[in-house]
Amino acid sequence: AQSVTQLGSHVSVSEGALVLLRCNYSSSVPPYLFWYVQYPNQGLQLLLKYTTGATLVKGINGFEAEFKKSETSFHLTKPSAHMSDAAEYFCAVMVKAAGNKLTFGGGTRVLVKP
Amino acid sequence: DAGITQSPRHKVTETGTPVTLRCHQTENHRYMYWYRQDPGHGLRLIHYSYGVKDTDKGEVSDGYSVSRSKTEDFLLTLESATSSQTSVYFCAISEPAYNEQFFGPGTRLTVL
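Sequence positions are assigned chain by chain, starting from 1 and proceeding in written order. Throughout, the order in which chains and ligands are written sets their labels, letters from A for the former and numbers from 1 for the latter. Reporting in this predicted model follows two pLDDT cut-offs: at least 70 for local features of residues, and 80 or more for side-chain atom pairs to be given and counted; totals over whole chains, interfaces and linings ignore these cut-offs and use all residues. Side-chain measures were taken over the full set of non-hydrogen atoms in the model, leaving aside hydrogen atoms and water.

Trainee: Any chance you could explain the pattern of salt bridges here in plain terms?
Mentor: Close approach of charged atoms lets side chains of opposite charge pair. All names here are of chain B. Whenever Lys or Arg places a side-chain nitrogen within 4 Å of a carboxyl oxygen from Asp or Glu, that contact is recorded as a salt bridge. In total, this model carries 8 salt bridges over all chains according to the counting rule given. Lys-70 is the partner of Asp-73 in a salt bridge, and the nearest nitrogen-oxygen pair spans 3.3 Å. Accessible area is worked out with a 1.4 Å probe on protein chains only. A residue is then buried under 20% of its type maximum, exposed over 50%, and partly exposed in between. Judged by its relative accessible area of 8%, Asp-73 falls in the buried class. You can call Lys-70 partly exposed: its relative accessible area is 41%. The network of salt bridges with common partners includes Arg-22, Lys-70 and Asp-73.

Trainee: How should I be thinking about the environment of Gln-25 of chain B in this particular structure?
Mentor: Residues and elements named next belong to chain B. Structurally, Gln-25 can be placed in strand 3 (residues 19-25). Overall, Gln-25 belongs to the buried group, its relative accessible area being 2%. What qualifies as a polar contact is a pair of N or O atoms within 3.5 Å, subject to a donor-acceptor requirement within protein and to the restriction that residues adjacent in sequence count only when both atoms come from side chains. Within polar-contact distance, the side chain of Gln-25 engages the backbone oxygen of His-29 at 2.7 Å. A run of H or I in DSSP counts as a helix once it spans at least four residues, and a run of E counts as a strand once it spans at least two, with each numbered from the N terminus.

Trainee: Can you walk me through the interface of chain B and chain A in this structure?
Mentor: Where interface size is given, it is often the accessible area lost as the parts come together that is meant. Facing the 24 residues of chain B at the interface are 23 residues of chain A. Across the chain B-chain A interface, the total number found is 1 salt bridge. Remark: the boundary between chain B and chain A carries 10 residue pairs in polar contact (both at pLDDT 80 or more). Taken together, the elements giving at least two residues each to the side of chain B that touches chain A come down to strand 4 (31-38), strand 5 (42-51) and strand 9 (87-94) of chain B. Top element by residues in the side of chain B that touches chain A is strand 5 of chain B. It accounts for 5 residues. Under the grouping applied here, Gly and all other residues not named as nonpolar or charged are polar, the nonpolar ones being Ala, Val, Leu, Ile, Met, Phe, Trp, Tyr, Cys and Pro and the charged ones Asp, Glu, Lys and Arg. In terms of residue class, the side of chain B that touches chain A is made up of 13 nonpolar, 8 polar and 3 charged. Any two residues whose heavy atoms approach within 4.5 Å at even a single point are treated as in contact.

Trainee: Teacher, can you tell me more about the packing of aromatic side chains here?
Mentor: The geometry of an aromatic ring pair is captured by two quantities: the separation of the ring centres and the angle between the planes. Aromatic rings from Phe, Tyr and Trp, taking only the six-membered ring of Trp, are treated as a pair when their centres fall within 6.5 Å; an angle between ring planes under 30 degrees marks them as stacked, one over 60 as edge-to-face, and anything in between as tilted. Applying the stated criterion to the full structure yields 16 aromatic pairs over all chains. Where Tyr-36 of chain A meets Phe-103 of chain B, the ring centres are 5.4 Å apart and the plane angle is 80°; that geometry is what we call edge-to-face. Taken as a pair, Tyr-36 of chain A in strand 4 (residues 32-38) and Phe-103 of chain B in strand 10 (residues 102-103) lie in two separate chains rather than in one. The burial state of Tyr-36 of chain A is the same as that of Phe-103 of chain B; both residues are buried. By the ring-pair criterion, three or more aromatic residues cluster together here, those being Phe-34, Tyr-36, Phe-90 and Phe-104 of chain A together with Tyr-31, Tyr-33, Tyr-35, Tyr-48, Tyr-50 and Phe-103 of chain B.

Trainee: Teacher, can you tell me more about the sheet that holds strand 3 (residues 19-26) of chain A here?
Mentor: Sheet strands pair by backbone hydrogen bonding; their relative direction is either parallel or antiparallel. Residues and elements named next belong to chain A. Taken in spatial order, the 5 strands make up an open sheet running 1-3-8-7-6, and their pairing is antiparallel. Of all strands in the sheet, those with a lone pairing partner are strand 1 (3-7) and strand 6 (56-58), marking the two edges. Neighbour-to-neighbour, the strand axes of this sheet turn through a mean angle of 20°, independent of strand direction. Here strand 6 pairs with strand 7 (residues 64-68) via 3 bridges, running antiparallel. Considered in strand 7, the bridge of Lys-58 is made with Glu-64. The rule for pairing is simple: two strands pair if DSSP sees at least two bridges between them. Whenever a helix is involved, its axis is fitted only over the stretch in contact; in every case the axis is a line through C-alpha atoms, and angles between N-to-C directions fall within 0 to 180 degrees.

Trainee: Help me understand unusual backbone geometry in this model?
Mentor: Note: most residues except glycine have negative phi, and most peptide bonds are trans. Omega for the bond connecting Ser-7 of chain B with Pro-8 of chain B falls within 30 degrees of zero, at -5°, which places this linkage in the cis form. As for its position among the elements, Pro-8 of chain B is in the loop between strand 1 (4-7) and strand 2 (10-13). In this structure, Asn-41 of chain A takes a positive phi of about 60° despite not being glycine. Along the chain, Asn-41 of chain A turns up in the loop between strand 4 and strand 5 (44-50). Even without a glycine there, the phi angle at Asn-28 of chain B is positive, about 60°.

Given below as structure tokens:
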């Protein structure tokens, strides 16, 4: 079975500061890993994903994440926060052999202070 | 955006009444999923489908049933709604060859 833990249900950052959202996963097989963003009253939008190959993955809106197998982590970062980054972020793991089902973490809500 | 619609988008109902939510796709994807979103829990899988008339239970299936009689439609039914089923429900689609799911806009359900 797979599981995902996101450390911190709420994160507050100042505009221009580093955004760091932590995600640790558990999977019995090599995982595919995802970060989704949800803006208020909207659906989920894919930020980035890791499947195979390069472990540093770049996504939309200046976000990137690094897959670290030894640490079972897939932390999300952005060098400089913008007010528009205020949203909820979800980390998820997929096992291809299980019908592409996703297991999500509990989510981290980001507040950006001016 | 992937061609996924959910209906209704908002619904308020009373405890004990049956409710059916519809997910419709125009992408001809084989896999379809129903999730519920609750604070602190992220999204949790309710039921999923690998094809027409091929469905299975997810993590939180108690109190829910599904049907898929056509590729494009995946119905989620609450036979007798309870207040604990107040949530936002998302439908998603995928294909075996793909490495991601595509999500619908969600349905906000309130059970009074």
